[in-house]
Amino acid sequence: MANLGNNVKTAFLKGLEALGKTASSLSDAAQQKLSEMNLETRRREMMAEIPRLVMQLWKDGVELPPPLSELLGELSELDEKLSAMRPQPEEKAEEDQTEEAEEEAGAADEEAEQEPLSCEENACEAPDCKCECECRGEDCGCEDPAEPESGANQEN
């Protein structure tokens, strides 16, 4: 019976050892994959930086091989055309100010077109009431005050 217990114990320890080795190899593989991804990311960053540096060298007047100079010249022309097509920042700001002024003028016109409501129309309880007498349902002595009906028109 003691022999059976030792065999079970040995098998359990060997299983744990195998599990530890597997976990270790998985960890090593994940670490290697992470390092590979970091290197690939850095490579992409460097590859993206090269065109910017070449363009700066070309703008600074450094002599570059003819095919590269031709491409950069064409790219520069395209940039100039795009800049001419797009509104400049100060033009855009002026357009925005003009649009805002037109919107404000339109809103003011709409407000001016609305006729003020009289107290008879029972508009005094509305928060945006444009009542001619501005009595808001109170007894103000105006020609046409609203008559409260059992507190329904009075403000709380």
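Residues numbered from 1 in each chain as written. Predicted model: local features only at pLDDT ≥ 70, side-chain atom pairs only at ≥ 80, totals over all residues. Heavy atoms only, no water.

### Quick notes on the overall build of the protein chain
Argument step 1. A count of helical and extended segments in the protein chain gives 3 helices and 0 strands.
Argument step 2. Counted from the first residue to the last, the protein chain has its helices and strands arranged as α-α-α.
Argument step 3. Once local pairs closer than 6 in sequence are excluded, the contacts in the protein chain between residues at least 24 apart make up 20%.
Argument step 4. When the accessible surface of the protein chain is totalled, it reaches about 13500 Å², and 53% of it is carbon and sulfur. (Helix = DSSP H or I, 4+ residues; strand = E, 2+ residues; numbered from the N terminus. Contact = heavy atoms within 4.5 Å. Areas by Shrake-Rupley, 256 points an atom, 1.4 Å probe, with all protein chains shown as cover.)

### Describing helix H2 (residues 66-85)
Three- or four-residue spacings in an α-helix give side chains the same orientation, since the helix completes a turn every 3.6 residues.
Argument step 1. In this model H2 runs 29 Å from its N-terminal to its C-terminal C-alpha over 20 residues, within 8% of the 28 Å that 1.5 Å per residue would give.
Argument step 2. The secondary structure elements touched by the buried residues of H2 are helix H1 (2-59). (Expected span 1.5 Å × (residues − 1).)

### Quick look at a negative patch on the surface
Argument step 1. A cluster of like negative charges, contributed by Glu99, Glu100, Glu102, Glu103 and Glu104, occupies part of the molecular surface.
Argument step 2. Within the secondary structure layout, Glu99 lies in helix H3 (residues 89-113). (Patch = residues over 30% accessible without salt bridge, like charges linked within 9 Å, V, L, I, M, F, W, Y side chains within 5 Å. Salt bridge = Lys/Arg side-chain N within 4 Å of Asp/Glu carboxyl O. Lys, Arg positive; Asp, Glu negative; His and termini not counted. Charge placed at Lys NZ, Arg CZ, Asp CG, Glu CD.)

### Concerning the packing of H1 against H2
Argument step 1. Across the interface, H1 lies against H2 with an axial gap of 11 Å and an inter-helix angle of 90°. Relative to H2, H1 is oriented roughly perpendicular. Across the interface between the two elements, Val54, Met55 and Trp58 from H1 touch Leu68, Ser69, Leu72, Gly73, Leu75, Ser76 and Asp79 from H2.
Argument step 2. When the residues that make up the contact of H1 with H2 are grouped by side-chain class, the tally is 6 nonpolar, 3 polar and 1 charged. (Axes fitted to C-alpha atoms, helices over the stretch in contact; angles between N-to-C directions. Parallel < 35°, antiparallel > 145°, perpendicular 65-115°, else oblique. Nonpolar A, V, L, I, M, F, W, Y, C, P; charged D, E, K, R; others polar.)

### Description of a nonpolar patch on the surface
Argument step 1. A cluster of nonpolar residues, Phe12, Leu13, Leu16 and Leu19, forms a patch on the protein surface that exposes about 430 Å² of accessible area.
Argument step 2. With respect to the helices and strands, Phe12 occurs in helix H1.
Argument step 3. The class of Phe12 is exposed, set by a relative accessible area of 54%. (Buried < 20%, exposed > 50% of the residue type's maximum accessible area, 1.4 Å probe, protein only.)

### Some points on the confidence of the model for the protein chain
Argument step 1. Model confidence for the protein chain is summarised by a mean pLDDT of 76, while 62% of its residues fall at 70 or above.
Argument step 2. Per-element mean pLDDT across the protein chain ranges from 65 in H3 up to 92 in H1.
Argument step 3. Contacts of residues 145-156 to residues separated by more than four positions or lying in other chains number 14 contacts, the stretch itself having pLDDT below 50. (pLDDT = per-residue confidence, 0-100.)

### Structural notes on the environment of Leu72
Argument step 1. Mapped onto the secondary structure, Leu72 falls in helix H2.
Argument step 2. Classification of Leu72 as buried rests on a relative accessible area of 8%.
Argument step 3. Remark: the alpha-carbon pair of Leu72 and Pro51, spanning 21 residues in sequence, is separated by 9.8 Å.
Argument step 4. With residues up to four places along the chain from it excluded, the contact list for Leu72 reads Val54, Met55, Trp58 and Leu64.

### So, H1
Argument step 1. With 58 residues, H1 should cover 86 Å at 1.5 Å per step; its first-to-last C-alpha distance of 86 Å lies within 8% of that length.
Argument step 2. Of the residues trailing H1, Gly61 is marked for its positive phi of about 95°.

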